[in-house]
Amino acid sequence: MISVIIPTLNEKKNVAILAKKLSRIKFISEIIYVDDNSKDGTFEEIKKLRKKKKIRGYQRKKIRDLSKSVIYGVIKSKKNNVLIMDCDLQHDTDYILKMWNQFKHKNVDLVIASRFADKSFYGNLGFFRSTISKIAISTINLIFGKKTTDPLSGFFICKKTLITKHKFKFFAKGYKILFDILYNGQKNITVSDQPIIFRKRKHE
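Residues numbered from 1 in each chain as written. Predicted model: local features only at pLDDT ≥ 70, side-chain atom pairs only at ≥ 80, totals over all residues. Heavy atoms only, no water.

1. Remarks on the pairing of strand 4 (residues 81-84)
Which entries qualify depends on this criterion: Only protein chains enter the accessibility calculation, which uses a 1.4 Å probe. A residue is then buried if its area is under 20% of the maximum for its type, exposed if over 50%, and partly exposed in between. The numbering of helices and of strands both runs from the N terminus, where a helix is a DSSP run of H or I of at least 4 residues and a strand a run of E of at least 2. Pairing between two strands is assigned when DSSP locates at least 2 bridges connecting them.
Here strand 4 shows two buried faces, one formed by Asn81 and Leu83 and the other by Val82 and Ile84. Looking at chain direction, strand 1 (residues 2-8) and strand 4 are connected through three bridges and run parallel. In the strand pairing of strand 4, valine 4 is matched with leucine 83. Relative to strand 6 (residues 156-159), strand 4 is paired through four bridges, and the arrangement is antiparallel. Bridging from a neighbouring strand, asparagine 81 pairs with lysine 159 of strand 6.

Printed below as a string of structure tokens:
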């Protein structure tokens, strides 16, 4: 069983759609939204969903920061394994079962949904963003060593302790919590990549 952690910022139109998709997955025990003080009514939508058994929601009113929101949600989670994903519907829930099966059967610390495992560039990311991401990833691999084809992914499953035990070592600022886990956390971390197709963002 796993806990799903979803950081949100101005995703009012997406929270219920994503909750409905995730609620159908039997091995998901709880869905935790952590809102970064959205101004579009996102947290009001989350509060409506909290009536459902699996769903919890929190709002951070301090300085907005995705990494801190993820860490906050992980600390609040009840299960030993956590899935981190975005709320903009670019992360396809259909991949979660494949990721979970890899996580269980390969006995790894971390399974990453990689946008670049099969292709160097991916259209739904956009050519410009794809190019920038590839340059950043190549730089990370050169300096820190290659552990995955997508160290900047925001969609992954890991053991809860990878975050809770090592969070004080993390830079914990900005959008790339996965980078912290990979390079500032547990040593000798074992990783597996799950190739994904990155979906187009909904409700921009």
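2. Section: the side chain of serine 38
Note the threshold: Under the rule applied, a polar contact is a pair of N or O atoms within 3.5 Å (in protein, one hydrogen donor and one hydrogen acceptor; residues adjacent in sequence only if both atoms are side-chain atoms). Contacts are assigned to residue pairs that have any heavy atoms within 4.5 Å of one another.
Along the chain, the position of serine 38 falls in the loop between strand 2 (28-35) and helix 2 (42-49). A distance of 2.6 Å separates the side chain of serine 38 from the backbone nitrogen of asparagine 10, its partner in a polar contact. In terms of polar contacts, serine 38 uses its side chain to reach the side chain of aspartate 35, at 2.6 Å. Ignoring any residue separated from it by four or fewer positions in sequence, one finds serine 38 in contact with Thr8, Leu9, Asn10, Gln59 and Arg64.

3. Re the packing of aromatic side chains
Stated formally: The rule is short: rings of Phe, Tyr and Trp, with Trp giving its six-membered ring, pair when the centres are within 6.5 Å, and they are stacked under 30 degrees, edge-to-face over 60, tilted in between.
Applying the stated criterion to the full structure yields four aromatic pairs. Judged by centre distance (5.0 Å) and plane angle (40°), the rings of phenylalanine 179 and tyrosine 183 are tilted. With phenylalanine 179 and tyrosine 183 both in helix 7 (residues 177-183), this residue pair falls four residues apart, about one helical turn.

4. Points about unusual backbone geometry
In this model, asparagine 10 sits at a positive phi of 55°, which is unusual for a non-glycine residue. Mapping asparagine 10 onto the fold places it in the loop between strand 1 and helix 1 (15-23). Of note in this structure, leucine 89 is not a glycine but carries a positive phi near 70°. By the element assignment, leucine 89 lies in the loop between strand 4 and helix 4 (96-105). Exposure remark for leucine 89: the relative accessible area of 9% places this residue in the buried category.

Functional significance is not addressed by these values, which are geometric in nature.
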